[in-house]
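Residue-level structural notes
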Amino acid sequence: MKVSKKVMGVEYAIRDIVLAARKVEQSGMDVDYLNIGDPVQFGFQPPDNVKQALINSINNGENYYSTSEGLLELRKEIAKKENLKGLSITADDVLITNGVSEGLDMVISSIVEEGDEVLLPGPYYPPYASYVRLHGGIPVEFSVDLNNSTPDIDDIKSKITSKTVAICLISPNNPTGVVFNENALKELVDIANEHNLYIICDEIYDQIIFDDKFVGIGKVAGDSPVIILNGFSKVHLMSGWRIGYIAFNQSPQLESLREHLPKLARVRIATSLPVQHAALESLRGPQNYINDFVSEMKKHRDLVVKRLNEMPGLSCPNPKGAFYAFPKIEDNRFGNDKEFVTKLLESKGVLTVHGSGFGEQYGTGHFRLVYLPSLEILDSAMNKIEEFVSQ
């Protein structure tokens, strides 16, 4: 039977690699899973008041469809949050989604047609390229300086064509931890305006910052066609509940998109109403758990980066945000990055993700690991990686 060429081109290296790990476990070896950025799987639970808000909503009978655009109170609270980061929006500019992934799919399917090009930061989070391809578009990677957290402006300009429709930003970045500063964001907005491009900015890790204050793109957006993607999976530790949002800047250029994209929200019906109440509580309730989480992650980052940079044949930039490290494989005796990851898994039981899964052009020759596990597990995993590269 026929299968669409578009869906055959969809990849998600982060979860695809798990199939290899299962085979290793079947052989009797324990596996350290350093592949998926899910804080909850590593013991970081949402606070009790957020859990109780979900339970209360269920017990109060709020188990029906919500409005397709989402709970009004939640959209108001999200607008307040985004306005504190620099935008000037209302609840009418916010659309609740089933995670950032659904929001991304809605945006890409609304702006990309056959042959259109979308600029992605290299390396990038895999669903960006997958959704672009799924909707007939072509992902185009642009260079980013991982050591200095700066986009290569000249490279971006050289890759804009008559087919380019959007520039995507992920800051803080998955998989690299790069965080763009205000000047970089302003340059990117100026380029997009000059060429009449959408700016899609993913800020899902916006409060997981270690060294500098986070600057949201809203601060430099003006009335540019900026579309923000964000959610509750990472900062608010609600990954399994699948809730995110799209925030539209108040730009005249977005009027047509704002008219037509919500049709997709109506087609998929709604986001879980009890989960929306939990998300509302997570914004209104105490926020101290976020600081505790970020403080712990900074310790994890410091341990992992130090250890990796001490190992022969590896070098690792210092991530400024999120909870990923993206080391470069300097020694070619391990083969390509996918072979490196596979051999490391099979010989030491440490599961990471090959860098080329985050983009062939700039991800190749790297691998990604998450540093969410406990310091003890991370230290043990670092020992295994060191043994592997030293053998």
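Calculation rules
Residues numbered from 1 in each chain as written. Predicted model: local features only at pLDDT ≥ 70, side-chain atom pairs only at ≥ 80, totals over all residues. Heavy atoms only, no water. Helix = DSSP H or I, 4+ residues; strand = E, 2+ residues; numbered from the N terminus. Buried < 20%, exposed > 50% of the residue type's maximum accessible area, 1.4 Å probe, protein only. Contact = heavy atoms within 4.5 Å. Domains from an automatic or database assignment. Buried area = accessible area lost by both parts, 1.4 Å probe. Salt bridge = Lys/Arg side-chain N within 4 Å of Asp/Glu carboxyl O. Nonpolar A, V, L, I, M, F, W, Y, C, P; charged D, E, K, R; others polar.

Thoughts on the environment of phenylalanine 388
Counting through the fold element by element, phenylalanine 388 comes out in helix H17 (residues 375-390). For phenylalanine 388, a relative accessible area of 2% translates into the label buried. Apart from the residues lying within four places of it in its own chain, the contact partners of phenylalanine 388 are Phe334, Phe340, Lys343, Leu344, Ser347 and Lys348.

Describing the domain arrangement of the protein chain
In terms of domain boundaries, the protein chain breaks down into domain 1 (5-45 + 288-390) and domain 2 (48-284). Distance between the C-alpha centres of domain 1 and domain 2: 25 Å. Opposite the 40 residues of domain 1 that make contact, domain 2 presents 41 residues. A buried area of about 3400 Å², summed over both sides, lies between domain 1 and domain 2, and 60% of it is on carbon and sulfur atoms. Taken together, domain 1 and domain 2 are joined by one salt bridge. A salt bridge links arginine 301 to aspartate 211, with the nearest nitrogen and oxygen atoms 2.7 Å apart. Taken together, the elements giving at least two residues each to the side of domain 1 that touches domain 2 come down to helix H1 (5-8), helix H14 (288-309), strand S11 (324-325) and helix H16 (360-363). Per-element tally for the side of domain 1 that touches domain 2: the top contributor is H14, with seven residues. In terms of residue class, the side of domain 1 that touches domain 2 is built from 22 nonpolar, 10 polar and eight charged.

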